Amino acid sequence: MAKIISVANQKGGVGKTTSSINISSYLARAKKSVLLIDLDMQGNATTGSGINRGNLESCAYDVLINSSEPSEVILQTQFHFDVLPSTMNLAGAEVELLQVSSWEYSLKKQLEKISSHYDYILIDCPPSLGVITINALVASNSVIIPLQCEYYALEGITSFIQTFKKIQYNLNPSIEIEGVLLTMYNKTTTLSKDVASEIIKHFGNKVFKSIIPRNVRLSESPSYGKPIGYYDPSSKGAKAYLNLVKEIISNE
């Protein structure tokens, strides 16, 4: 059965989508069978994986709301991992899911149909603690929490951890924190070092040793529809995600 990992944080701009794409890509390069699920209506994980959203006839919305078979919606990418794509239709799912009996388990039930087909399933969550993110966490074995090395990094993480613990207690006792991922690290600034130190002090060994730096090539790669390992494999960002995936695999 697949290990299902949500990539989640209610703050936007912390590197959730970039991390989801590049973790998926490097897992695939490590000969793992991987599915990336895009649960953000902006669809950046979809386009960043080289998929044209304008050509899509169905998406994650149809799996969640219309009970479409996941296998009929999943697409193969040229980067050797699969994607369950997102479109703007997903915007309505937050409200419509609440009308479904046991809505918290909607995604979990659908993923049970395909879990045996993959080694890993990564879920790129929206920047909120709403219905969709709750569905993702209920369906997951663990969560990666990207946290940017900036002044307000720890502000708001308390809310996420509180929600995580409620889900763990009430809905998914087996979910764990896979790791806290430090992103947008600038080794030339005292601020980045101080924030990283504070996060490590707070989360201890739950913080990944691999730290994702601020990197222009890493920022550029989504606009070209490529993971960083294909866009610029020699960049600092690429090396950081490669090391991160080695850590994730070592946790198996």
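Below is a short write-up of the structure. The model shown is predicted, which means the values in this text are computed figures rather than measured ones.

Focus: the nonpolar core
Grouped together as the largest cluster of nonpolar side chains are 53 residues, with contacts concentrated most on Leu39, Ile123 and Ile199. Per element, the largest residue contribution to this core is seven residues, and it comes from helix H7 (residues 131-139).

Describing the pairing of strand E7 (residues 176-183)
Across the eight residues of E7, seven count as buried, placing the element largely inside the fold. Across seven bridges, the pairing between strand E6 (residues 142-148) and E7 is parallel. Note that in E7 the partner of glutamine 148 across the bridge is threonine 183. Handedness of the crossover joining E6 and E7 through helix H8 (residues 157-170) is recorded here as right-handed.

So, H8
Spacing of three or four residues puts side chains on the same side of an α-helix, whose turn is 3.6 residues. With 14 residues, H8 extends 20 Å from end C-alpha to end C-alpha; this agrees with the ideal 20 Å at 1.5 Å per step. Along H8, the residues classified as buried are Ile157, Phe160, Ile161, Thr163, Phe164 and Ile167. The buried residues of H8 occupy an angular sector of 160° when the element is viewed end-on, so they sit on one face. Facing away from the buried surface of H8 by more than 90 degrees, the exposed residues are Lys165, Lys166, Tyr169 and Asn170. Where the residues of H8 are buried, they touch H7, E6, E7 and helix H9 (190-203).

Concerning the pairing of strand E2 (residues 34-38)
When you tally the buried positions in E2, you get five out of five residues, the bulk of the element. Here E2 shows two buried faces, one formed by Val34, Leu36 and Asp38 and the other by Leu35 and Ile37. Sheet topology note: the E2/strand E5 (residues 120-124) ladder contains five bridges and is parallel. Within E5, the residue paired with aspartate 38 across the bridge is aspartate 124. For E2 and strand E4 (residues 82-84), the ladder comprises three bridges, and the chain directions are parallel.

Reading the values: rules and limits
- Residues numbered from 1 in each chain as written.
- Predicted model: local features only at pLDDT ≥ 70, side-chain atom pairs only at ≥ 80, totals over all residues.
- Heavy atoms only, no water.
- Core = buried A, V, L, I, M, F, W, Y, C linked by side-chain atoms within 4.5 Å.
- Buried < 20%, exposed > 50% of the residue type's maximum accessible area, 1.4 Å probe, protein only.
- Helix = DSSP H or I, 4+ residues; strand = E, 2+ residues; numbered from the N terminus.
- Pairing = 2+ DSSP bridges.
- Right-handed = clockwise from strand over helix to strand, strands pointing away.
- Expected span 1.5 Å × (residues − 1).
- Arc of directions from axis to C-beta.
- Contact = heavy atoms within 4.5 Å.

Read these as layout, nothing more, since geometry by itself doesn't imply function.
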